[in-house]
Amino acid sequence: MNQIHTPWIEIIPPRDRIDLAGPGFSDYQWQALFACQIGVPKHNDWVNLRWGFNAAALFDEAMKRQDLFLTSRHGINNELRIENPNRQTLTFRYIHLPSEDLLLTMLGKVYARSKENAEKSALAYYCELKAAFPYDYALSAADSRDEFCRLSGWELLAQDEDRLNIAQIRRCETPIQLNQKSPFLQGFWHSNAHAHEQIWRLMAALPGPVLMNTLLRSTVIYDNELQFLTKNATEIADLQFPSLNPKALKTYKEWSENFANRRQDPWQKFFYLQIHLVSTREIDENIIRNVGACLTMNSSGQSLPGYQVKFPVPEERREWGTRIRNLDIVFSGSYLPAPRLSEVADMDEVLSAIRIPYSPPGDGFLDANFSSIKVE
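Parameters and conventions
Residues numbered from 1 in each chain as written. Predicted model: local features only at pLDDT ≥ 70, side-chain atom pairs only at ≥ 80, totals over all residues. Heavy atoms only, no water. Helix = DSSP H or I, 4+ residues; strand = E, 2+ residues; numbered from the N terminus. Buried < 20%, exposed > 50% of the residue type's maximum accessible area, 1.4 Å probe, protein only. Core = buried A, V, L, I, M, F, W, Y, C linked by side-chain atoms within 4.5 Å. Salt bridge = Lys/Arg side-chain N within 4 Å of Asp/Glu carboxyl O.

Explain unusual backbone geometry to me, please; I cannot follow it from the model alone.
Glycine aside, the phi torsion of most residues is negative, and most peptide linkages are trans. With a phi close to 45°, R87 is a non-glycine residue in the positive phi region. Within the secondary structure layout, R87 lies in the loop between strand 4 (82–83) and strand 5 (89–96). We classify R87 as buried; its relative accessible area is 2%. In this structure, L327 is a non-glycine residue whose phi angle is positive, near 65°. Its place among the elements puts L327 in the loop between helix 10 (317–325) and strand 14 (344–346). Residue classification places L327 among the buried positions, given a relative accessible area of 0%.

Looking at this structure, how should I read the nonpolar core?
Buried together is how nonpolar side chains tend to be arranged in soluble globular proteins. The biggest cluster of nonpolar side chains holds 64 residues, and the ones touching the most others in it are I38, L70, F92, M106, F133 and M203. If you tally residues by element for this core, the top one is helix 2 (residues 55–71), at six residues. Listed in part, the 39 residues of the second largest apolar core include F188, L229, F241 and W255.

Just checking my understanding: could you explain the pattern of salt bridges for this structure?
When the charged atoms of two side chains lie near each other, side chains of opposite charge can form a pair. Tallying each qualifying case throughout the model produces 19 salt bridges. R145 is paired through a salt bridge with E10; the nearest N and O atoms lie 2.9 Å apart. A residue pair is termed long-range when its members are at least 10 positions apart, and R145 in helix 4 (residues 145–152) and E10 in strand 1 (residues 10–12) qualify at 135 residues. Given the relative accessible area of 37%, R145 is considered partly exposed. Owing to a relative accessible area of 9%, E10 belongs among the buried residues under this scheme. Between E349 and R171 there is a salt bridge; the shortest N-O distance is 3.0 Å.

Here it is in structure tokens:
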């Protein structure tokens, strides 16, 4: 009988500034993290896993396994409609270091009432992820602190403020008219099955070290935020701007109605979803543009607002780096009527924004190789 490999559990003791999200959460002060490397198989190995009759069927099956894995990450207290106090958090990281293959990792974190409970809960969470992770991939947990630091990219994230460059890529938030008093509209994460190939290839081709961090944690939209959404949609529906292009105004109103409907769906699953780039070099506009375009692309015939980028002010760099390192949410401000919703995505957006890499037929991506993995 196969035994689950025991991962290294990194403990973060209670600290002053902690991410509290609901009543009773103040008892959950201890945090526990673990890290795993994801092994991407070559296409010739992957093709043997198919149940269908051709490569298209193989790809479709694999994407459905990814979707199921991500969907099953959602867990809230349905009776109280609040987050669970253990705040299970998942992060996918691409880590590029010059002269090395692209490293793909997954980190998990839980909160608990004590150090012992944190270790126990983290191990249980790891066992769940190990069992549920799509079987297309190998998953190898860090079994030492040195290996944990390597897979988590901690050395890069622990740089001094003057060497740490961070950019957050977000969905566009745009006013209907160019002033801050005008209602703001927010875009959606939207992509297609192959768009992420451009991100992987670009990451592998960069001249300097860079880490791309995609964080995922279950949440809900609270009643007061739903009221804000309803009020905002009503205000936009009643707007009359004689100076505004009638077609543009019609589009804004339709977009606002659709946005409110998606956010007010009573059975919708919601997550915090954040995407950051971290480097010791200046983060080139080219990588920001390519990542942002891939994750907010127009692939359904409908125009989309696109993406925007946020940078920390110099005195915030250390805090941003620490929060990203520890799998915490980074709140960077918003003009939305309910600012927290800048960081919240629905299930369809999660399935668009997160894709686990694969190798295409032949020799794979000629300009991108994924780091090999040790077999547990």
